[in-house]
Structures are given as C-alpha cells and as structure tokens.
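Each chain, written out:
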Amino acid sequence: MSLKKSKVLDVVVVGTGMAGLNFIDKYLEKKSKVHVISPTFVKNLNLHTNQTKILPSQMRGEHNKIYNYFNANNLKIISNCKAIGSLNFGGLTNYWGLQMDNYFENNQPDLSKKTFKDIKSNLFSFLKRYNLLGTFKNTNRQIYQNDFNIPSQFTNLEKKPQEFICNKPILGFMTSKKFSGNLNAIKEESQKLNAKNLFKKLDKKRKIAFHDFFLKDIKKKNNLIELTCKKDDQEKKFLVKKLVLATGTIATTKIIMDFLKIKKEVKIKHHPRLLSVFLSRKKLDYNLNFTPSLFQFRSKLNKDKFTADIRPGNKLITESIIDAFPFMRPFKMVINFFRKRLIFSNFLYDSSLSNLYLKKTNDKFHLYSKDKKIDRTLRKKNKAVFNFLKKKGIIFPIYKTFFPGNGADYHYFGSIPFQKRGKLGLNNKCQLLAEKKIYIIDGSAFNFRTNKYPLGIVAANARRVARYLSR
Ligand SMILES: Cc1cc2nc3c(=O)[nH]c(=O)nc-3n(C[C@H](O)[C@H](O)[C@H](O)COP(=O)(O)OP(=O)(O)OC[C@H]3O[C@@H](n4cnc5c(N)ncnc54)[C@H](O)[C@@H]3O)c2cc1C
C-alpha cells in the first residue's frame, strides 16, 4: 500500500451531490480555490447479496454504484431494510426525476428565525441561479415564477380551496430563458438538474482541486482535522482547518458516529412511502422518458403530515414494473399502450414513522429496520387521496398500492439536527456541536416533517453555509 504525505488545507468539501456542488458554486463567488474529495470510481469489493434487487427507475442497472457505496462506507445493510444510501457513488450523478417543495416550514425549535429566513432567501437564489421550473412564494408574495402547464383536471384543483393543499412542485429542470408551456418541450438529458449538468454550469471549474478518493474516516490531530482517504490500495491523508461534509445523510452520520465513538444506535429519519397506481379518466399526454411528478396533495391536518404526488406513466416506469414482475414482460406493449391512462403516485408520510437505524457492531456499521408494520397505516391514510381523486372525477374507482419497504423512499435526514446540546447536533451555522471545525451541509441537519421533497432546501442551506465560510 502506498502512503502519501499529509497537506494542510483550509476548507475541504467531501461529496459532489446537490449539497456539495451548491456549496462549491457559492463559495467560489468569493474564494479563489476549494479542495473537493470525490471518488470517480471504486472497484467492487465484497457484494452484499441481500441488498435491494429492484432499484428506482432512474437508477436501473446501477447496482455496482450502490454496492460500492456500502462497501466504501463500511456499511452492512440488514435484510428488512431497503435503503440504498447515496443518490450516486463515484463520479457526478446522472440521475434525475427530482421534484422539490416550493415552500419551507420550520418544524425544528432550534432552527432560529433568522436562519430559517436565510435558508428561504437562499432557496430563491438557488431557483434563480439555475432557472428551475416552478413558482415560489415567500409569506404569500410570489417572488419567483418560471411556470409549466399541467393537465386541466389538476389546474382546476389548484385554483379553488380543497380539503388538501394542492400545488405544483418545483421541477429539477434547468431552463435558459423563461419557460411557459408543456413539459414535453423539455430536453431531458441536457436540462435535468443533476450533478453532471450542474457542474457544467459552474463557471469557476479551474478553481476546484479534485481529489479522487473516498473518505474513510476522520480524526482530530492537534488543532486540525485529519482525513484518511482511500482509492483502491492507495491511502492519502489530508489535514484541514475546516471540513465540510456533504456525503449524504447515511454516510455523513456514519463518519460522525465513528469520529465521536458513538456506540448506541442512531435513528435516520425518512418519509415512509407507499406507491399507488390509478386509472385516469382522461389521457395524460406526456412523452418524456421519465416525467416528474406534476402535482402534490398535502394534508392540512397537523397530526397527519403526508404528501401524495401525481406522475403520469412513462417508459422508465414500465421498465421498472417488468424488473419487479418479470412475468409481466409479455404484456409490456399493453402496459405501454395504457401508459397515458396510468397515474402513479408516491404517498410520503411524516418522519414520525421512520424505521431506519445505524449502529456500529464489531467494527462494521449496520443499517437496519425494526419489525414494525407500517404499511397498513400508510394504506389507510392513502385511501383519502384515492377518495379525493375519485370524487373529483379524475380517476376510475380502482387502484393498486405497493409498499416498497423500509427506507425505499430515498429521503434520509435528521440524524444530526439543529439543536442546542448533545453530541450529535449542529448549531445554526451547521457546525457540529462537539467539534466546530466540522460543518455538515446535507440532509442530516433537518427534520423534514411537513416538507416531503427536501432537495431544494438542502441545496439552499449548503449555499447559505458557503456564503459565510467564504466571507
Ligand atoms: C432515486 C431517487 C430519487 C429521489 N428523488 C427525489 C426528489 O424527487 N426530490 C427530493 O427532494 N429528493 C429526492 N431524492 C433524495 C435526494 O436525492 C437527496 O435528498 C439528495 O441527493 C441529497 O443530496 P446530497 O448532496 O446531500 O447527497 P447525495 O446526492 O447522496 O450526494 C452524496 C455525495 O457524497 C459522495 N460520497 C458518499 N460517501 C462518500 C465518502 N465516504 N467519501 C467521499 N464521498 C462520498 C457521493 O459520491 C455523492 O457525491 C431522491 C433520491 C433517490 C435515490
């Protein structure tokens, strides 16, 4: 094994997902250089065969990246847990299908009013920076508009007050000029908001020093943080003054638990998900390979914080159905024929039903779920959405639901929240309470109870932290 010498660096960012790249984008407005640790490729080590076999439509065929993610992060996944970890591992992600909330509600008492306001204003600058599709209101004043059309049966719901809060999400598509009209006009490959396309938009690429390693662990050394990084059989150490962790909630939590020697189990919050398929009375004429969700229904009840979204059928979902149920292959043409009559829905429930845990046992981190039956609760609550769509004459009175398993919602957060005391907590600057040289800018900080599509908020917060670190 070759061992390289340590260097002392000022600020190092780890991870190049939406959080990492948004941090870099904002940081380089004022600073002349940033160091980034981001692995391009890690070879497969031991594959865990009990990992989820069916991947989300956007990630079909990407099993290797998921195995690499678990292996590199020394994580073992236990059978009843269907988490997949990072959106991508190795290189800049090419996945998409992102819808984001166009609102932000503060469900955390220790997130100060000022910080909350600051994140909101950074959400606005994030939307503007990439000309994303959608609208955004701040205290009822519309401050951002780059709108897209939705089918008329949903437009009507949006206009009048209903038993649900009905609105369009922000979509992860970047536009170069003001957009209005049908989503079919979008060029999916080049316009989707993913790390690869976002990176192309960075005009200060020369100021980024990439280090092609993954972060194995961190230690305190004198007054600095020492990072031990790996790539195949190479190991490299960095000494840093400020470490910015953007490795996604699960990897970040594991790195911090290791650093603080936390032996007890830590809860990873998420939004338990139920999938539904409805039969639409009217055709939904969308030709994209992966049409994002067009509409959200949010419960108004305080004790029942759920969101259901609505997405027209598309070719990639058809492929995923065949992956999940291979006996359906002969019916592929039939499914594609009916595709425009199918409405798919994600029903995402409050983080109070979270069932994902991380614990270190015998030098390995285990990611697991407990034996808790939550699918019945989800089905019961989801029925309100079916009844609503039926009552409004949008669907025929039949539907089918599918519970994809614990953690198969892919929104992981809230393990190192904003709080005033405790080891696993952050102050409002996103500094780890136990070590102020470490900044955590991914979903770990937030308990997204009301917000169900948190990506924009995570990106906005990363931009906020970059702003004061670059001062
Ligand atoms: C299929 C799918 C669909 C989703 N759809 C939506 C959606 O529609 N709306 C929404 O709001 N959210 C969605 N999410 C969740 C969303 O992707 C995450 O909230 C978001 O990716 C978080 O961004 P991040 O930058 O914090 O983490 P990530 O995107 O997970 O990025 C983590 C980065 O860290 C790197 N990394 C990991 N471990 C290490 C290590 N040890 N060393 C170095 N680098 C490391 C990875 O390579 C990656 O670059 C979806 C997730 C999935 C999987």
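Residues numbered from 1 in each chain as written. Predicted model: local features only at pLDDT ≥ 70, side-chain atom pairs only at ≥ 80, totals over all residues.

## Considerations on the overall build of the chain
Inference 1: Tallying secondary structure elements over the chain gives eleven helices and 24 strands in all.
Inference 2: The C-alpha radius of gyration of the chain comes to 22 Å, within 12% of the 23 Å expected for a compact globule of 471 residues.
Inference 3: Considering only C-alpha atoms, the chain reaches an extent of 65 × 50 × 40 Å along its principal axes.
Inference 4: Buried positions account for 44% of the 471 residues belonging to the chain. (Helix = DSSP H or I, 4+ residues; strand = E, 2+ residues; numbered from the N terminus. Rg over C-alpha atoms; globule rule 2.2 N^0.38 Å. Buried ≥ 20, exposed ≤ 12 C-beta atoms within 10 Å, placed from the backbone.)

## Regarding the sheet that holds strand 22 (residues 412-413)
Sheets are built from strands that pair by backbone hydrogen bonding, the pairs being arranged parallel or antiparallel.
Inference 1: The five strands are arranged 4-20-19-14-22 in an open sheet whose pairing can be described as mixed. Two strands bound the open sheet, and with one partner strand each, they are strand 4 (75-77) and strand 22. (Pairing = 2+ DSSP bridges.)

## Concerning the environment of T115
Inference 1: As for its placement among the helices and strands, T115 is situated in helix 3 (residues 113-130).
Inference 2: Separated by 319 residues in the primary sequence, T115 and A434 have C-alpha atoms spaced 20 Å apart.

## Looking at the site of the ligand
Inference 1: By nearness alone, 38 residues border the ligand, and G15, G17, G248, D442 and L455 come closest of all.
Inference 2: Elements that contribute at least two residues to the shell around the ligand include exactly helix 1 (18-27), strand 5 (99-100), strand 11 (214-221) and helix 11 (455-469).
Inference 3: For the shell around the ligand, the per-class residue count stands at 22 nonpolar, 15 polar and one charged. (Near = placed C-beta within 6 Å. Nonpolar A, V, L, I, M, F, W, Y, C, P; charged D, E, K, R; others polar.)

## Quick look at unusual backbone geometry
Inference 1: We note that N74 has phi near 55°; this positive angle belongs to a residue other than glycine.
Inference 2: Within the fold, N74 resides in the loop between helix 2 (63-72) and strand 4.
Inference 3: With 16 C-beta atoms counted inside 10 Å, the residue N74 sits in the partly exposed group.

## Concerning the sheet that holds strand 8 (residues 164-167)
Inference 1: Spatially, the six strands line up as an open sheet ordered 8-16-17-18-15-21, and their pairing is antiparallel. Looking along the sheet, the strands with just one partner apiece sit at the ends: strand 8 and strand 21 (395-402). When the angles between neighbouring strand axes are averaged without regard to direction, this sheet yields 20°.
Inference 2: Here four bridges tie strand 16 (residues 295-299) to strand 17 (residues 306-312), and the two strands are oriented antiparallel to one another. Within strand 17, the residue paired with Q296 across the bridge is D309. (Axes fitted to C-alpha atoms, helices over the stretch in contact; angles between N-to-C directions.)

## A closer look at the environment of D323
Inference 1: Among the secondary structure elements, D323 is positioned in helix 8 (residues 315-324).
Inference 2: Exposure remark for D323: the 16 C-beta atoms within 10 Å place this residue in the partly exposed category.
Inference 3: Dropping the residues within four chain positions of it, D323 is found in contact with I54 and R60. (Contact = placed C-beta atoms within 7 Å.)

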